[in-house]
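Analysis of the macromolecular model
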Amino acid sequence: MAKLKTNFVCQSCGNVTPKWQGRCEACGAWNSIIEDGGAAGIGAQQARGAKKGRIFALGELAHADAPQTRLETGIGELDRVTGGGFVPGSVLLLGGEPGIGKSTLLIQACAALALRGERVVYISGEEAMDQVRLRATRLGLAAAPVELAAETGVEDIVATLSQGKRPALVVIDSIQTMWTDAVESSPGTVTQVRGSAQALIRFAKTSGAIVILVGHVTKDGQIAGPRVVEHMVDAVISFEGEGGRDFRILRAVKNRFGPTDEIGVFEMTGGGLSEVANPSALFLTAHEDATPGVAVFAGMEGTRPLLVEIQALVAPTSLGTPRRAVVGWDTSRLAMVVAVLEAHAGLKLGQHDIYLTIAGGLRVSEPAADLAAAAALVSSLSGQALSTNAVYFGEVGLSGAVRPVAHAAARLKEAAKLGFTAAVAPRGAQSGESGGEAITATSCEHIGALVAEIARPKDGAPAKAANGKSKQHVDGW
Ligand code: TYD
Ligand code: MG
């Protein structure tokens, strides 16, 4: 037998080199390369010779015994993110930081499906069976007929799963703990993770079972080690949350069978994860008084409108170079909005520190947030609070023009539903009624008009702001 060639594999990106190096050429990580036994199977596969395959017509394809319909868990927020349920034979990677609630979510999904009579297998490589059972009991799901196993050998798992009825869903918690005989490196290495994932994906594709792989994510947001797994699976779903807050956001990063812009919102409670049916209420802070620097953005996440609060703080700087800090929004987008405000609305922000955050730990990537961000910045700079009854949306162009955005009607409807009575929006957004609640949309065509309106002295009782400037409420638009 030919001598097995050893390779050196980077543990952070999976790049293979013939010799050891201190720094990976591919991803630049230091000290990430370790020696790794080559894959035993490769030589054998090459020796086997080529075999003729069969080519099918597109319409002819149908899996022998797999159901062709998507499998819905009944957990609405989860089904929304997968694009309306799991596709039979697909493999999903669920990533998230340790402790975020991945195991909890999956045991709840497993129980829901098992209670509907599907064969569901939950394989834990991290927790003992008793721990999994204890958690299920705490969640009130102990009666669900979910099959449990504590196992880490992929060959054993596949052999066990191949017995009996084809499972509808198999959960592997987590892929980092799995190992396969096919590769000769120690468990937890990139090669092992990749080899194990390959074997499980093959199982899913041949049997038609849905396989969910749990992957831990490091603090910098990468699915630890197995970035290499991301392109092998059909969908990558990340489970995120903010430290200290109880809500969790499920987001599709990649989805071969559905959209990637939908989010699912959950709340971690004593009884497990519960769905949040009205996420807008979660991301809005209840303010008694109007505060300068706060604007409510009528946004969209996928097909669902979502209202979020944008907070800005603009203060004179004591540094040579003013600070610009952004949480939950794009730094270059802020730089653009600031530049437009300076160029087209005459604002002087060069001597001011600017801080901008999206409340509630949400990440906003829509250009439609420009107008709301601009309103928050102008409001903070001028000390003039915006009306607590108004929402903002619209894309700001480099010329200062406010451009229309998609789904204006849905945004207005959501705002009306939550009790907002005014909206500052691009031209074309229709005022309307939703369930008896009326909302008045005022079109704002240029950023200069927005600034003039916010800074305009208003009628009504003036209030003193903390910085000594006079502060007044803006009563609608
Ligand atoms: P877990 O699902 O074990 O996280 P992961 O698998 O992503 O590592 O969730 C662990 C956290 O969830 C833990 O901090 C406790 C909390 N939790 C609750 O608040 N309520 C519950 O009912 C359960 C089961 C967990
Ligand atoms: Mg877990």
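Going by the structure above, here's the rest.
A few points on the structure.

About the cut-offs
- Residues numbered from 1 in each chain as written.
- Chains lettered and ligands numbered in written order.
- Predicted model: local features only at pLDDT ≥ 70, side-chain atom pairs only at ≥ 80, totals over all residues.
- Heavy atoms only, no water.
- Helix = DSSP H or I, 4+ residues; strand = E, 2+ residues; numbered from the N terminus.
- Buried < 20%, exposed > 50% of the residue type's maximum accessible area, 1.4 Å probe, protein only.
- Contact = heavy atoms within 4.5 Å.
- Areas by Shrake-Rupley, 256 points an atom, 1.4 Å probe, with all protein chains shown as cover.
- Near = heavy atom within 4 Å.
- Polar contact = N/O pair within 3.5 Å; in protein donor to acceptor, adjacent residues only side chain to side chain.
- Nonpolar A, V, L, I, M, F, W, Y, C, P; charged D, E, K, R; others polar.
- Phe/Tyr/Trp six-rings, centres within 6.5 Å; stacked < 30°, edge-to-face > 60°.
- Lys NZ or Arg CZ within 6 Å of the ring centre and 35° of its normal.
- Axes fitted to C-alpha atoms, helices over the stretch in contact; angles between N-to-C directions.
- Parallel < 35°, antiparallel > 145°, perpendicular 65-115°, else oblique.
- Left-handed = near helix turned anticlockwise from the far one by under 90°.
- Core = buried A, V, L, I, M, F, W, Y, C linked by side-chain atoms within 4.5 Å.
- Domains from an automatic or database assignment.
- Salt bridge = Lys/Arg side-chain N within 4 Å of Asp/Glu carboxyl O.

**Quick look at the overall build of the chain**
- A tally of regular secondary structure across the chain gives 12 helices and 24 strands.
- Counting across all 477 residues of the chain, residues that qualify as buried make up 49%.
- Nonlocal contacts in the chain, meaning residues at least 24 apart in sequence, comprise 67% of its contacts between residues at least 6 apart.
- On the chain, roughly 22,200 Å² of surface is accessible, and the fraction owed to carbon and sulfur atoms is 54%.

**Focus: the site of ligand 1**
- If you check the shell around ligand 1, you find 16 residues, and the closest are G99, K102, S103, T104 and T269.
- The contact in question runs from an oxygen atom of ligand 1 to an N or O atom on the backbone of G270, over 3.0 Å.
- Take G272: an N or O atom from its main chain is 2.9 Å from an oxygen atom of ligand 1.
- Considering ligand 1 on its own, with 560 Å² of exposed area, one finds that the protein chains cover 74% of that surface.
- When contributions to the shell around ligand 1 are tallied by element, the ones reaching two or more residues are α3 (102–115), α4 (129–138) and β11 (263–269).
- The class makeup of the residues in the shell around ligand 1 is four nonpolar, eight polar and four charged.

**What about the packing of aromatic side chains?**
- By the definition in use, this model includes one aromatic pair.
- With centroids separated by 6.0 Å and ring planes inclined at 85°, the aromatic side chains of F239 and F266 adopt a geometry described as edge-to-face. Highlighted residues: F239 in strand β9 (residues 235–241) and F266 in strand β11, separated in sequence by 27 residues.
- Here R411 stacks its cationic end above the ring of F393, 5.4 Å away from the centre of that ring.

**Some words on the packing of helix α9 (residues 331–345) against helix α10 (residues 370–382)**
- Closest axis-to-axis distance for the α9/α10 pair is 10 Å, and the angle between their directions is 60°. Judged by the inter-axis angle, α9 sits oblique to α10. Where α9 crosses over α10, the handedness of that crossing is right-handed. Where α9 abuts α10, its residues R333, L334, M336, V337, V338 and L341 lie against D370, A374, L377 and V378.
- Looking at the contact of α9 with α10 residue by residue, the class counts come to eight nonpolar, no polar and two charged.

**A word on the nonpolar core**
- Counting residues in hydrophobic clusters, the biggest one holds 66 residues, and the most contacted among them are W329, L341, L377 and L450.
- For this core, the element with the highest residue contribution is α10, accounting for eight residues.
- Each of two domains, domain 2 (71–277) and domain 3 (282–473), supplies a minimum of three residues to this core.
- Judged by nonpolar contacts, the second largest core, of 36 residues, contains L71, I100, I212 and A235.

**A word on the packing of α3 against α4**
- Where α3 meets α4, the closest approach of the two axes is 11 Å, and the angle between their N-to-C directions is 70°. For the element pair α3 / α4, the angle class is roughly perpendicular. For the pair α3 and α4, contact is made by S103, T104 and I107 and by V132, R135 and A136, respectively.
- For the contact of α3 with α4, the class distribution of residues is three nonpolar, two polar and one charged.

**So, the pattern of salt bridges**
- Scanning the model with the defined rule gives 15 salt bridges in all.
- Close ionic contact of K417 with E414 constitutes a salt bridge, the shortest N to O distance being 3.3 Å. You can see K417 and its partner E414 sitting in helix α11 (residues 408–417), three residues apart, about one turn around the helix.
- Between R427 and E445 there is a salt bridge; the shortest N-O distance is 3.6 Å. Linking R427 in the loop between β20 (422–425) and β21 (432–434) with E445 in the loop between β22 (437–443) and α12 (447–455), this pair joins segments that are 18 residues apart in sequence.
- On the basis of relative accessibility, which here comes to 42%, the residue E445 falls in the partly exposed class.
- Taken together, the salt bridges that share partners define one network made up of R333, D370, E395 and R403.

**Focus on the side chain of T73**
- Tracing the sequence through the fold places T73 in the loop between α1 (41–47) and α2 (76–82).
- Here I75 takes part through its backbone nitrogen, which lies 3.0 Å from a polar atom of the side chain of T73.
- With sequence-adjacent residues up to four places away left out, T73 is seen in contact with L78, D79, F86, A109, A112, L113 and R116.

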